[in-house]
Amino acid sequence: MKVLVPIKRVIDYNVKVRVKADNSNVDLANVKMAINPFCEIAVEEAVRLKEAGIATEVIAVSIGDKSCQEQLRTALALGADRAIQIETDEKLDALNIAKLLQKIVEEEQPQLVILGKQSIDSDNNQTGQMLAALTGMPQGTFASVVKVEGDKVNVTREVDSGLQTVSLNLPAIVTTDLRLNEPRYASLPNIMKAKRKPLVVKPAADFGVDLSPRSKLIKVVPPATRKAGIIVDGVDTLIEKLRNEAKVIS
Amino acid sequence: MSILVFAEHDNSTLKADTLKTVAAAQAIGGDIHILVAGSDCQSVAQEAAKVNGVSKVLVADNPAYQHQLAENISLLVTELAADYEHILATALTTGKNFMPRVAALLDVAQISDIIAVESSDTFVRPIYAGNAIATVQSLDSKKIITVRSTGFDPVGTDGSAEVVAIESVTDAGISTHVSDELSVSERPDLGAASIVISGGRGMQNGDNFKLLEGIADKLGAAIGASRAAVDAGFVPNDMQVGQTGKIVAPDLYIAVGISGAIQHLAGMKDSKIIVAINKDAEAPIFQVADYGIVGDLFDVLPELEGKL
């Protein structure tokens, strides 16, 4: 079966983002970018399904300007077979992203679509679920175990109270949580090989999807800063402060 | 203008987070209804009827909703959506799971994880792990919103709303529930606790989390963990506090052996008082802590437990 893995180029998770002085957005100029960590887990899971003989082909797709080809090459180096870039310079809402991905699903007819549960920039946690709704597929979000069994996939989900396992009819959508797997490092030969794997570029405008924005960013400000605290000299002082100064324990 | 609030519950009791989501609905302003979708969930409906500011409780009580599968719940909510301009759910795993599905079925965007309401169409939400705070205006006619409960104070519970049963049943028939593996704990829920004590990579292994238990028992605290501790396999993921785990804002948060990566700070920096215990005086956690102890947690924790 075919597995489709949509991925996103985001700020590297180690970089602390800064808000622009005019409060129009965050400043991403000259900031290190990377594949979104949850998307990397999604690629790894798809590649493992291929290695286990369950998946026959892994297709990575990303939506963005030319720079996202870098992350598609990363996915190819991790083991994806081919890549599709949907080219646009616009920053799209999750719903519009899902609508474009729906078109790719219609073209490619994958049995499984694996996405990251959220991107670490917009922190929306929406795209997988929206794609599931648009394609009429069931969804296994926040997955920590994925098992394909016949024409179904069993997904164990990380929920507030522990774990929940659901059985989904294929084709299905899965979104990844942290513990699903530990992504491999791409080896140098595989990075070289990835350069020769097919990467097709399709302009977003060609899909006939209305991509007009659904929301407007009014302003972006830095979070309120906490006032600097004090280092206390030991447990006795700590307890005294918590009791009498902060009054948070009795 | 009416607002529908999806109730968080386990088929027997209403989660306190719902009271905060109702507070967000009040900030938007309008006639507020609560939807209780579950199976054998009449006791939840009775509780929901007491929530202040709510005029009607809709109860969809059917086995199809027992496990709140996103495929079924989203069809139910979409069916009800015609009567509402705003639909709100708490940004916990249930709401996060089904709400984007509702939004897509209605062909509208979703505004996730709001922490404040500016007006009926403009909301404030953290982005980039809380390192930036965005004000976003929805351009859609219907607003699908998930609410981060740490942003709102709970409403009271001495109201009396009308309870109405919903008879129609929507079962998508494409997914089934297999099993639950619920964490059993005598301690308060992480999201609801007024004191949280969390361990990080400095705990060294899962066994050492026992050092936190005695203190948690004395303080009536919940126990959390950093992503590093979860990644290292010390404790299960449902204990994770952070950008991609649980977001907490207790009166007192004690971070033990946690360096303070931005992903962790995103989940706890709105706590009223933060205490950090770490042997590395340069650890970033001390920059957000009100009180810090620089020292070996294996010395500090037993002493703290003994003296509390």
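Residues numbered from 1 in each chain as written. Chains lettered and ligands numbered in written order. Predicted model: local features only at pLDDT ≥ 70, side-chain atom pairs only at ≥ 80, totals over all residues.

Colleague: I tried to follow the overall build of chain A on my own but got confused; where do I start?
Modeller: Check the secondary structure of chain A and you find 6 helices and 15 strands. When its C-alpha atoms are laid out on the principal axes, chain A stretches across 65 × 45 × 40 Å. For chain A, the residues scored as buried account for 49% of the 250 residues in total. A sequence separation of at least 24 residues applies to 69% of the contacts in chain A between residues at least 6 apart. (Helix = DSSP H or I, 4+ residues; strand = E, 2+ residues; numbered from the N terminus. Buried ≥ 20, exposed ≤ 12 C-beta atoms within 10 Å, placed from the backbone. Contact = placed C-beta atoms within 7 Å.)

Colleague: Could you clarify how one ought to interpret the sheet that holds strand E10 (residues 162–165) of chain B in this entry?
Modeller: One key point about sheets: their strands pair by backbone hydrogen bonds, in either a parallel or an antiparallel sense. All names here are of chain B. Strand order in the open sheet formed by 7 strands is E5-E9-E4-E1-E2-E3-E10, with parallel pairing between adjacent strands. Looking at strand neighbours, the two that pair on one side only are strand E5 (110–114) and E10, the edges of this open sheet. With strand direction ignored, the average angle separating the axes of adjacent strands in the sheet is 25°. Direction of pairing for strand E1 (residues 2–6) relative to strand E2 (residues 31–38): parallel, over a ladder of 5 bridges. Pairing of Ile-3 across the sheet is with Ile-32, part of E2. Packed onto the sheet, helix H1 (residues 17–28) meets E1, E2, strand E3 (54–61), strand E4 (86–90), E5 and strand E9 (143–147) and runs at close to 150° relative to E4. Contacts from helix H2 (residues 42–49) reach E2, E3 and E10, with the element oriented near 170° to E3. (Pairing = 2+ DSSP bridges. Axes fitted to C-alpha atoms, helices over the stretch in contact; angles between N-to-C directions.)

Colleague: In this structure, what is going on with the UniProt feature "domain: Electron transfer flavoprotein alpha/beta-subunit N-terminal" (unreviewed entry) in chain A? I would like to understand it.
Modeller: The positions that UniProt labels "domain: Electron transfer flavoprotein alpha/beta-subunit N-terminal" (unreviewed entry) are, in the present scheme, residues 23–211 of chain A. For residues 23–211 of chain A, the helix share is 30%, the strand share is 32%, and the end-to-end C-alpha distance is 25 Å. (UniProt positions renumbered as here; feature names shortened; annotations may be inferred.)

Colleague: I would appreciate a short explanation of the packing of helix H3 (residues 94–108) of chain A against helix H4 (residues 127–135) of chain A in the present structure.
Modeller: The relative placement of two packed helices comes down to the angle between their axes together with the axis-to-axis distance. Residues and elements named next belong to chain A. Two elements in contact, H3 and H4, have axes whose closest approach is 9 Å; the angle formed by their N-to-C orientations is 50°. Here H3 is positioned oblique relative to H4, judged by the angle of their axes. Crossing handedness for the pair H3 and H4: right-handed. Contact with H3, carried on its side by Ala-94, Leu-95, Ile-97, Ala-98, Lys-99, Leu-101, Gln-102 and Val-105, involves Thr-127, Met-130, Leu-131, Leu-134 and Thr-135 of H4 and no other residues of that element. Split into classes, the residues belonging to the contact of H3 with H4 amount to 9 nonpolar, 3 polar and 1 charged. (Parallel < 35°, antiparallel > 145°, perpendicular 65-115°, else oblique. Left-handed = near helix turned anticlockwise from the far one by under 90°. Nonpolar A, V, L, I, M, F, W, Y, C, P; charged D, E, K, R; others polar.)

Colleague: Help me out: how do you make sense of the pairing of strand E13 (residues 199–203) of chain A in this one?
Modeller: All names here are of chain A. Burial within E13 is sparse, with just 0 of its 5 residues counted as buried. Taken together, the 5 bridges between strand E7 (residues 82–87) and E13 define a ladder with parallel strand orientation. Counterpart to Gln-85 in the pairing with E13 is Val-201.

Colleague: Could you clarify how one ought to interpret the domain arrangement of chain B in this entry?
Modeller: Residues and elements named next belong to chain B. The domains assigned to chain B are domain 1 (2–165) and domain 2 (195–307). Between the C-alpha centres of domain 1 and domain 2 there is a distance of 31 Å. Taken together, the residues that form the side of domain 1 that touches domain 2 break down as 1 nonpolar, 3 polar and 1 charged. (Domains from an automatic or database assignment.)

Colleague: It is not clear to me how the interface of chain A and chain B should be interpreted in this structure. Could you clarify?
Modeller: If you look at the interface, chain A gives 67 residues, while chain B gives 72 residues. Where the side of chain A that touches chain B is concerned, the elements lending two or more residues are H3, H4, strand E9 (139–149), strand E10 (152–159), strand E11 (162–169), strand E14 (215–221), strand E15 (230–231) and helix H6 (235–245) of chain A. Class assignment of the residues belonging to the side of chain A that touches chain B gives a composition of 34 nonpolar, 19 polar and 14 charged.

Colleague: It is not clear to me how the sheet that holds strand E15 (residues 273–278) of chain B should be interpreted in this structure. Could you clarify?
Modeller: Taken in spatial order, the 6 strands make up an open sheet running E15(A)-E16(B)-E15(B)-E14(B)-E12(B)-E13(B), and their pairing is parallel. Edge positions in the open sheet fall to E15 of chain A together with strand E13 (222–225) of chain B, since each of these has one partner strand only. By the bridge criterion, 5 bridges tie strand E14 (residues 252–256) of chain B to E15(B) in an arrangement that is parallel. Along E15(B), the bridge assignment pairs B:Ile254 with B:Val275.

Colleague: Is there a simple way to think about the packing of H4(A) against helix H4 (residues 93–105) of chain B in this case?
Modeller: Taken N-terminus to C-terminus, the directions of H4(A) and H4(B) make an angle of 50°; their axes are 7 Å apart at the nearest point. In terms of their interaxial angle, H4(A) and H4(B) are classed as oblique. Every pair of crossing elements has a handedness; the one defined by H4(A) and H4(B) is right-handed. Judged by residue contacts, A:Gln129, A:Met130, A:Ala132, A:Ala133 and A:Leu134 of H4(A) engage B:Asn97, B:Pro100, B:Arg101, B:Ala103, B:Ala104 and B:Leu105 from H4(B). Looking at the contact of H4(A) with H4(B) residue by residue, the class counts come to 8 nonpolar, 2 polar and 1 charged.

Colleague: What should I look at first to understand unusual backbone geometry in this one?
Modeller: Most peptide bonds are trans, and most residues other than glycine sit at a negative phi. Here the amide bond leading from A:Leu170 into A:Pro171 is cis, since omega sits at 0°, within 30 degrees of zero. Considering the arrangement of structural elements, one finds A:Pro171 in the loop between E11 and strand E12 (172–176). One non-glycine residue with positive phi stands out, namely B:Tyr128, at about 50°.

Colleague: What should I look at first to understand the UniProt feature "domain: Electron transfer flavoprotein alpha/beta-subunit N-terminal" (unreviewed entry) in chain B in this one?
Modeller: Following the UniProt record, the feature "domain: Electron transfer flavoprotein alpha/beta-subunit N-terminal" (unreviewed entry) maps to residues 3–181 of chain B here. Along residues 3–181 of chain B one finds 25% helix and 35% strand; the C-alpha atoms at either end are 34 Å apart.

Colleague: Explanation requested: the environment of A:Ala194 in the structure shown.
Modeller: Residues and elements named next belong to chain A. Here Ala-194 lies in helix H5 (residues 188–194). Taking the number of C-beta atoms within 10 Å as the measure of exposure, Ala-194 has 20 and is therefore buried. Distance from Ala-194 to Arg-179, taken between C-alpha atoms, is 26 Å for residues 15 residues apart in sequence. In this structure Ala-194 touches Arg-73, Leu-76 and Ala-77, once residues within four positions along its chain are discounted.

Colleague: Quick question: what am I supposed to make of helix H5 (residues 210–219) of chain B here?
Modeller: The periodicity of an α-helix, 3.6 residues per turn, causes residues three or four places apart in sequence to face the same way. Residues and elements named next belong to chain B. Listing the buried residues of H5 in full gives Leu-211, Leu-212, Ile-215, Ala-216 and Leu-219. Taken around the axis of H5, the buried residues stretch over an arc of 125°, which confines them to a single face. Of the residues trailing H5, Gly-220 is marked for its positive phi of about 65°. (Arc of directions from axis to C-beta.)

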